[in-house]
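Architecture and fold: a report
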Amino acid sequence: MSGHSKWANIRFRKAAQDAKRGKVFTKLIREITTAARLGGADESSNPRLRAAVAAALSQNMTRDTIKRAVDRGAGGGDGAELETVIYEGYGPCGTAIMVECMTDNRKRTVADVRHCFTKFGGNMGTEGSVGFLFTKKGVITFDNADEEKLMEVALEAGADDVVSNDDGSFDVYTTPESFGDVLDAVDAAKLVHSNAEVTMVPSTEAQLDKDHAETFVKLIDSLEDLDDVQQVYHNGQIPDEIAESM
């Protein structure tokens with residue numbers, strides 16, 4: 001999940017250890033291969049590839065696995081027939097959801113996505129129905145760090161903002177274009193991040209009550225489980241006291 005609430009971040013960090021790890025790797029490899037096919041194998045001149053590699057490293061994927069995926073993409077092999085499509089819709093309590101897919105069959109993919117929305121009380125929307133609520137940004141997360149040093153390094157490298165969270169973690173926000181430069185700078189400064197990705201960040205949040213939180217989670221999980229789905233972005237916010245009881 002990429003909701004960027006405290007709860008969403010906790011779920012993201014746990015995802016690397018859960019039963020979905022194999023599926024997460026499959027989707028990361030698919031994105032790396034496609035990014036290399038479309039923009040070449042050089043990370044420095046291919047921001048999409050750089051972001052995909054950073055996300056893979058955050059999930060502890062080995063460099064050898066990443067290199068094989070890049071080589072496949074740059075060679076025009078696997079993934080050459082795939083296209084990226086984004087579907088938009090609404091979940092419980094008016095939550096806004098964007099579903100990024102990579103598919104070789106749009107009819108199959110849209111049917112699967114629509115089924116998930118319908119099954120868990122959501123609705124598919126038209127193109128642009130919720131997209132205006134999201135902005136594409138780079139996000140680099142630190143579980144803990146020297147705030148002064150992090151701000152100095154990140155902002156000097158071109159970051160837009162550094163945000164401190166209630167749990168003591170920090171999120172560094174960048175444009176997609178400056179993501180690679182900022183990531184290089186914090187790595188060079190030996191500031192250890194727990195996650196790095198280019199994602200869609202919501203401008204507003206939709207609060208979920210206890211009656212709808214569980215259904216919302218089931219909806220997001222069912223979408224993420226679809227083979228054609230690469231990422232699910234949302235603006236759902238589950239209060240800590242409700243999340244802890246789930």
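Up top is the structure these notes are about.
This section reports on the structure supplied with the text. (Residues numbered from 1 in each chain as written. Predicted model: local features only at pLDDT ≥ 70, side-chain atom pairs only at ≥ 80, totals over all residues. Heavy atoms only, no water.)

1. Let's talk about helix α5 (residues 106–119)
Each full turn of the α-helix corresponds to 3.6 residues, which orients residues three or four apart in the same direction. With 14 residues, α5 should cover 20 Å at 1.5 Å per step; its first-to-last C-alpha distance of 20 Å lies within 8% of that length. When we look at burial in α5, the residues that qualify are T109, V110, V113, C116 and F117. Considered in projection along α5, the buried side chains sweep an arc of 125° and stay on one side of the axis. Away from its buried face by more than 90 degrees, α5 exposes K107, H115, T118 and K119. The elements touched by buried residues of α5 are β1 (83–90), β2 (96–103), β3 (123–124), α8 (210–225) and β9 (229–234). (Helix = DSSP H or I, 4+ residues; strand = E, 2+ residues; numbered from the N terminus. Expected span 1.5 Å × (residues − 1). Buried < 20%, exposed > 50% of the residue type's maximum accessible area, 1.4 Å probe, protein only. Arc of directions from axis to C-beta. Contact = heavy atoms within 4.5 Å.)

2. Comments concerning the nonpolar core
Counting 23 residues, the largest nonpolar core has I97, V99, V113, L223 and I238 as the members making the most contacts within it. Those elements that place two or more of their residues in this core are β1, β2, α5, α8, β9 and α9 (240–244). When residues in this core are grouped by element, the largest group, six residues, is from α8. Ignoring sequence-local partners within four residues, the contact set of V99 consists of V85, I86, Y87, V113, F117, L223, V229, Q231 and V232. (Core = buried A, V, L, I, M, F, W, Y, C linked by side-chain atoms within 4.5 Å.)

What is shown is where atoms sit, not what they do.
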